[in-house]
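Descriptive structure summary
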Amino acid sequence: MSMPRTSGEPGLPQLAGVILLTLGLLKLYAWSAGLVSPTQDAVIPMPLNKVALFMGLIEVQMGVGVIFLLRPLRAAQGLALIGASFVCYRWLHSLLGGTPCPCLAGATSLLPILRMHEDKLLLSLSIWFFLIGAMSWVRETRIK
Amino acid sequence: MKLFTQHWLLCSLLIPLVLGITFVWSPAWAAVATGATEGAELSKALLLSERPAAVGDLEINQPWLYTMMVSALFKTFGTSAGIARLFTLISAATMLVALGWMLHHVVGGLRLLLVGIFCFSVKGMLMLSMSAQPGLPAISFAILATAIIYKPVHPPGWKRLLLSGVLLACATQITFMALTVLPAFVVFVFRQWEWRSACKYLRFWGIGLVMATLIIMVLSPNVNFRHLLNSPTGPIENQPQFHLNTLFFNPGLMLAAGFGIFQLAKRKYPAPLLFASAWLATVTILAWVWGYWPESEMAQFYIPMAMLGTAGFAAAFSSVLSVFQAGPVSAQPLQNSVRQIDTHNELNMLAAVTIFAFWVGFTVPDFVAELKQLHRLPAVKDNELCLSIKENAKSTKWCYTRFAEYAFANHVLIPPELIGLTQLDGKYGQTNTSLLKMVKKNQPEQLLLAANIELRDQEWKTWTTNHYILVDQDGEKELWVSRSLHPQNIQPSNDILRKLGL
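Keep in mind the model is a prediction, meaning the values are calculated, not measured.

1. So, the overall build of chain B
For chain B, the helix and strand inventory stands at 22 helices and four strands. The buried share among the 502 residues of chain B stands at 56%. Partitioning the intrachain contacts of chain B with sequence separation of at least 6 by distance along the chain shows that 75% fall at a separation of at least 24. Only carbon and sulfur atoms are counted for the fraction: they give 63% of the accessible area of chain B, which is about 22100 Å².

2. Thoughts on the pattern of salt bridges
Residues and elements named next belong to chain A. In total, this model carries nine salt bridges over all chains according to the counting rule given. Residue Lys27 is joined to Glu59 by a salt bridge in which the shortest nitrogen-to-oxygen separation is 2.8 Å. With Lys27 in helix α1 (residues 12-32) and Glu59 in helix α2 (residues 48-69), the pair connects residues that are 32 residues apart, well separated along the chain. According to the relative accessible area criterion, Lys27 is buried, its value standing at 4%.

3. Thoughts on helix α20 (residues 432-442) of chain B
Residues and elements named next belong to chain B. Among the residues of α20, those classed as buried are Leu435, Leu436, Val439 and Asn442. Here the buried residues of α20 occupy an arc of 120 degrees about the axis, which is enough to place them on one side. Away from its buried face, by an angle of more than 90 degrees, α20 presents the exposed residues Lys437 and Lys441. Residue Gln443 follows α20 closely and has a positive phi angle near 50 degrees.

4. A word on the packing of helix α6 (residues 118-141) of chain A against helix α15 (residues 299-325) of chain B
Taken N-terminus to C-terminus, the directions of α6(A) and α15(B) make an angle of 40 degrees; their axes are 9 Å apart at the nearest point. Judged by the angle between their axes, α6(A) and α15(B) are oblique. The handedness of the crossing between α6(A) and α15(B) is left-handed. On α15(B), the residues touching A:Met135, A:Val138 and A:Arg139 of α6(A) are B:Val320, B:Val323 and B:Phe324. The residue makeup of the contact of α6(A) with α15(B), split by class, is five nonpolar, no polar and one charged.

5. Re the pairing of strand β4 (residues 477-482) of chain B
Residues and elements named next belong to chain B. Extensive coverage of β4 is indicated by the burial of six of its six residues. Across the two faces of β4 the burial is the same, with Lys477, Leu479 and Val481 and Glu478, Trp480 and Ser482 all buried. As paired strands, strand β2 (residues 446-450) and β4 are joined by five bridges and run antiparallel to one another. Paired with Leu449 across the bridge in β4 is Glu478.

6. Considerations on the nonpolar core
Among soluble globular proteins, nonpolar side chains are generally buried collectively. Residue and element names in this part refer to chain B. In this structure, Phe118, Phe120, Met125, Ile143, Trp279, Tyr302 and Ile303 are the most contacted members of the largest nonpolar core, which totals 186 residues. The element contributing the most residues to this core is α15, with 14 residues. Apart from the residues within four sequence positions on either side, Ile143 is in contact with Met95, Ala98, Leu99, Met102, Trp279 and Ile303.

7. Focus on the packing of aromatic side chains
Residues and elements named next belong to chain B. For the structure on display, the rule yields 21 aromatic pairs over all chains. Ring geometry for Trp8 against Trp101: centres 5.5 Å apart, planes inclined by 50 degrees, an arrangement best described as tilted. Residue Trp8 is located in helix α2 (residues 8-25), and its partner Trp101 is located in helix α5 (residues 81-103); the two are separated by 93 residues in the primary sequence. On the basis of an interplanar angle of 25 degrees and a centroid distance of 5.6 Å, the ring pair of Phe313 and Phe317 is categorised as stacked.

8. Some remarks on a nonpolar patch on the surface
Residue and element names in this part refer to chain B. The grouping of Trp158, Phe204, Ile207, Met211, Ile215 and Leu219 at the surface amounts to a nonpolar patch, some 630 Å² of accessible area in total. With respect to the secondary-structure elements, Trp158 resides in helix α9 (residues 158-174). Overall, Trp158 belongs to the partly exposed group, its relative accessible area being 49%.

9. Remarks on the sheet that holds strand β3 (residues 468-474) of chain B
Residue and element names in this part refer to chain B. Judged by pairing direction, the sheet is mixed, and its four strands sit side by side in the order β1-β2-β4-β3 without closing on themselves. Both edges of this open sheet fall to β1 (399-401) and β3, since each of them pairs with a single strand only. Each neighbouring strand pair of the sheet contributes to a mean axis angle of 20 degrees, computed without reference to strand direction. Pairing analysis gives six bridges linking β3 to β4, with the strands arranged antiparallel. Of the residues in β4, the one forming a bridge with Gln473 is Glu478. Each of β1, β2, β3 and β4 touches helix α21 (residues 458-467); the most contacted strand, β3, lies at about 110 degrees to it.

10. Quick word on unusual backbone geometry
Residues and elements named next belong to chain B. Phi at Tyr269 is positive, roughly 50 degrees, even though this residue is not glycine. Turning to its location among the elements, Tyr269 is positioned in the loop between α13 (251-266) and α14 (271-290). What makes Tyr269 partly exposed here is its relative accessible area of 41%. Phi angles above zero are rare outside glycine, and His411 is one such case at about 60 degrees. With respect to the helices and strands, His411 occurs in the loop between α18 (404-409) and α19 (416-423). A relative accessible area of 37% places His411 in the partly exposed class.

11. Some details on the confidence of the model for chain B
All names here are of chain B. Model confidence for chain B is summarised by a mean pLDDT of 84, while 86% of its residues fall at 70 or above. Taken together, the stretch residues 334-338 has pLDDT below 50 and engages in six contacts with residues farther than four places along the chain or on a different chain. If you check the scores for this complex, the pTM reads 0.87 and the ipTM reads 0.87.

12. Digging into the confidence of the model for chain A
Low pLDDT marks stretches whose predicted atomic positions should not be read closely. Mean pLDDT over chain A: 82, with 85% of residues reaching 70 or higher. Across residues 1-8 of chain A, confidence stays below pLDDT 50; counting only partners more than four residues off in sequence or on other chains, it has 16 contacts.

13. Brief notes about the environment of B:Leu209
All names here are of chain B. Note on placement: Leu209 falls in helix α11 (residues 195-219). For the pair formed by Leu209 and Leu163, sequence separation is 46 residues and the distance between their alpha carbons is 8.5 Å. Here Leu209 is in contact with Gly165, Val166, Leu168 and Ala169, once residues within four sequence places are set aside.

Each value, and the rule that gives it
- Residues numbered from 1 in each chain as written.
- Chains lettered and ligands numbered in written order.
- Predicted model: local features only at pLDDT ≥ 70, side-chain atom pairs only at ≥ 80, totals over all residues.
- Heavy atoms only, no water.
- Helix = DSSP H or I, 4+ residues; strand = E, 2+ residues; numbered from the N terminus.
- Buried < 20%, exposed > 50% of the residue type's maximum accessible area, 1.4 Å probe, protein only.
- Contact = heavy atoms within 4.5 Å.
- Areas by Shrake-Rupley, 256 points an atom, 1.4 Å probe, with all protein chains shown as cover.
- Salt bridge = Lys/Arg side-chain N within 4 Å of Asp/Glu carboxyl O.
- Arc of directions from axis to C-beta.
- Axes fitted to C-alpha atoms, helices over the stretch in contact; angles between N-to-C directions.
- Parallel < 35°, antiparallel > 145°, perpendicular 65-115°, else oblique.
- Left-handed = near helix turned anticlockwise from the far one by under 90°.
- Nonpolar A, V, L, I, M, F, W, Y, C, P; charged D, E, K, R; others polar.
- Pairing = 2+ DSSP bridges.
- Core = buried A, V, L, I, M, F, W, Y, C linked by side-chain atoms within 4.5 Å.
- Phe/Tyr/Trp six-rings, centres within 6.5 Å; stacked < 30°, edge-to-face > 60°.
- Patch = residues over 30% accessible without salt bridge, like charges linked within 9 Å, V, L, I, M, F, W, Y side chains within 5 Å.
- pLDDT = per-residue confidence, 0-100.

Set out below in structure tokens:
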């Protein structure tokens, strides 16, 4: 985590990092404010409030890492990995059903349009993280 | 692969081929209905082909050309909704080829597929391309009229200009909504040639337009200006509407179209993109001013958006391709330990990824749902209500229904003055009582009524139960047959439930 930074100009991974950090902070806020129900998650074997805490911590850590700490290649790999896991989670969730993960936390109550399209928005974001990560990864491997 | 990248026509034909396969694979050919206003359109064409003398009383809200064309198809190939749907599909395919011709100077090769993908993946467009409604054929004619004079190097000859005028006349005689293309067409012409030449060319084009319009009007069974001028510009009860905010449900396409508009200046305002921008601006302003847009005309938004989106996404995607196609590159010189990043390239990559992600996340699930819905469409032969109408079809002269697709499925005619009225519910001020008066005048042998509309009215209920017998029902739809035909009665489900003590 404490690797020296070689890419100073903010690029796509950094933008993705900011969004990831925001999503993570939203989850942590939702968990601390008790907005997440303790219903069992259909995909991850733990209650939703713990999922929010667990995922919030990972996202904050990854977001900070991508923005400030990780080398571009590692940041890209991290984003691709987290994007792929989000896509898998969404896919498994569509198969298994159940109460959805409160990925956008309280943001849906502020903007009802987000609630209407929450599933589609989260799937899009998952694909977006994965593609940004994968593309940056390919680009980094091409630099000698 | 090289073959496709070099020949725009092959690329333009791929999506129509997929649409054709979908049409053959799905039950769209024999379905009861694939569109909301389809039944009325088909009933009008059936009336024109079987009783041309009766169409004088037909209340219409659009010109006759579409009805005449579908009627001619019925006479040639037999009366079938599938024929009319195939006509729309062929129109959509022709339109995609015309768009391919217009766009191949802006984006080349396999990227031309994007216009079809963007356009027909949007919710409702797939069904519209297989529905007997005039919206898509009209747009197809209008785009053909534009594409035919698109020749970036040479000025078009007078024959081409005349033909363009004729095609646009056909478009406007199919539905007046095609007139929305006109401002974009003018922009397109003046962008291609300097204004003196453009004015000269427009003279030939105008001759074609006026001549063809006059010929079509002369050939039309009647030109009832009262009905045409009374055509509604406001919302029609029970008719599906298209709301402008629906566009935001396809953020991938919105972003792509936005990026396409961004490309306009960069590419020195190419005529096809300027045409798409002007068309999109026209329909947006009209929909906003009217506060109403029929759902069957939603293609007027999505086609220009798909044109712009194709240019936008193709430009953005080229940056993504450059990452994969380029060989290993040396890191740029480090200045104060900071690597320089190409902002333009980053922006393009961000646009490409965002457009793709949002298209997959928002549009693809809707497209898959629509495919499933298309596959589940009930066929005429499997629909009990259709079979019940068929039992007495031979002894039926008229059938009154607002569900015109059920009458058409059995080739049963609806009285001419009642086809348009039910389609334009409430717009001409007719009430249940005045409607009943017209129905009584025609003495239809069969009535397919809506329990929550006609039968809610006591006068309707009394008259119906006195002269007709209920023979079938499906949800809110109730089929009543004249007592003179001695049909077999069915007990209303309420009575059965009451007898069972439920």
